[in-house]
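# Architecture and fold: a report
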Amino acid sequence: MMTGELYKDSDPELVAERRRAQQLVDEFNATRSDAVIKELFGAIGEGSWVMPRFQCDYGYQIRMGSNSFLNYDAILMDCAAITIGDDVSIGPRVQLLTALHPLLDHEARRQRFETAAPITIGNNAWLGGGVIVCAGVTIGDDCVIGAGSVVTRDIPPRVLAVGNPCRVVREL
């Protein structure tokens, strides 16, 4: 999974890891405990915080820099690494989705094989509410992604990008 190769989400080791993460997620959502997020995430920088209701697959693949904010109802499908820079603001109901399913291999899809590709969000980026970031995408430093955008390809630094699919509107 972590190498980008085909895997089955039903693998017993992955199921166990997701169950462990779900227990921590449930505890966090009930208590808002920073200690639980520190145990769940691969890394979280000083001054960063996460609002409940939060969901993820594994947790340990998430790295969040310093002074960053993840708002209500975030879904981070961390089948691959998710890296969130410093001073990032992520709006409510944002989805960061690293999982990919076979497009042309119908039998592999039927058998529930998948792959994953990392997501990287640069420093001082701002993602508006309801943004969806697809697998393999990098969002550059100092970007603003408009609410409701679906980001299907890389976004360069210092731009405003909006829409479905998300497109650069202007430089910032």
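These lines cover the structure that appears in this document, whether it is placed above or below. All figures in this text were calculated on a predicted structure; none of them were measured in a lab.

### Overview of the sheet that holds strand β8 (residues 82-84)
With parallel pairing, the 5 strands of this open sheet are ordered in space as β2-β5-β8-β13-β16. Edge positions in the sheet fall to β2 (43-44) and β16 (138-139), since each has one partner strand and no second. With 2 bridges connecting them, β2 and strand β5 (residues 62-64) associate as parallel partners. Residue pairing for β5: Ile-44 is matched across the bridge by Met-64.

### Notes on the nonpolar core
If you look at the biggest cluster of nonpolar residues, it comprises 37 residues, and the most contacted ones within it are Phe-54, Leu-76, Leu-96, Ile-121, Leu-127 and Ile-139. Of all the secondary-structure elements, those providing two or more residues to this core are α1 (12-31), α2 (34-40), β5, β8, β13 (119-121) and β19 (159-162). Ranked by the residues each element gives to this core, the list is headed by α1, at 4 residues. Excluding its chain neighbours within four sequence positions, the residues that come into contact with Leu-76 are Phe-54, Gln-55, Cys-56, Asp-57, Ile-62, Leu-70, Ile-82, Ile-84 and Leu-96. Leu-14, Tyr-58, Cys-79 and Ala-99 belong to the second largest nonpolar core, which has 8 residues in total.

### Focus on the environment of Ile-139
Locating Ile-139 in the fold gives a position in strand β16. Residue classification places Ile-139 among the buried positions, given a relative accessible area of 0%. Considered as a pair, Ile-139 and Asn-123 are 16 residues apart in the sequence and their alpha carbons are 9.2 Å apart. Beyond its immediate chain neighbours, meaning those up to four positions away, Ile-139 contacts Thr-120, Ile-121, Gly-122, Leu-127, Val-133, Ile-145, Val-151 and Ile-155.

### Topic: unusual backbone geometry
Leaving glycine out, the prevailing phi sign among residues is negative, and the prevailing peptide bond configuration is trans. Residues Pro-52 and Arg-53 are joined by a peptide bond in cis, for which omega reads -20°. Cis geometry marks the peptide bond from Asn-164 to Pro-165, where omega comes out at 0°. The phi torsion at Asn-67 lies on the positive side, around 55°, for a residue other than glycine. Tracing the sequence through the fold places Asn-67 in the loop between β5 and β6 (69-70). Although it is not a glycine, Arg-93 adopts a positive phi angle of roughly 60°. Its location among the elements puts Arg-93 in the loop between β9 (89-90) and β10 (95-97). Arg-93 sits in the exposed class, given a relative accessible area of 56%.

### Focus on the sheet that holds strand β18 (residues 150-151)
One open sheet accounts for 5 strands, arranged β4-β7-β10-β15-β18; its pairing is parallel. Taken across any chain shown, the strands that pair with only one partner, and hence form the sheet edges, are β4 (55-56) and β18. Pairing analysis gives 2 bridges linking β10 to strand β15 (residues 132-133), with the strands arranged parallel. Opposite Gln-95, over in β15, you have Ile-132 as the bridge partner.

### Focus on the environment of Pro-157
Mapping Pro-157 onto the fold places it in the loop between β18 and β19. Taking the C-alpha atoms as reference points, Pro-157 and Phe-41, separated by 116 residues in sequence, lie 26 Å from one another. Apart from the residues lying within four places of it in its own chain, the contact partners of Pro-157 are Gly-140, Asp-141 and Cys-143.

Conventions we followed
- Residues numbered from 1 in each chain as written.
- Predicted model: local features only at pLDDT ≥ 70, side-chain atom pairs only at ≥ 80, totals over all residues.
- Heavy atoms only, no water.
- Pairing = 2+ DSSP bridges.
- Helix = DSSP H or I, 4+ residues; strand = E, 2+ residues; numbered from the N terminus.
- Core = buried A, V, L, I, M, F, W, Y, C linked by side-chain atoms within 4.5 Å.
- Buried < 20%, exposed > 50% of the residue type's maximum accessible area, 1.4 Å probe, protein only.
- Contact = heavy atoms within 4.5 Å.

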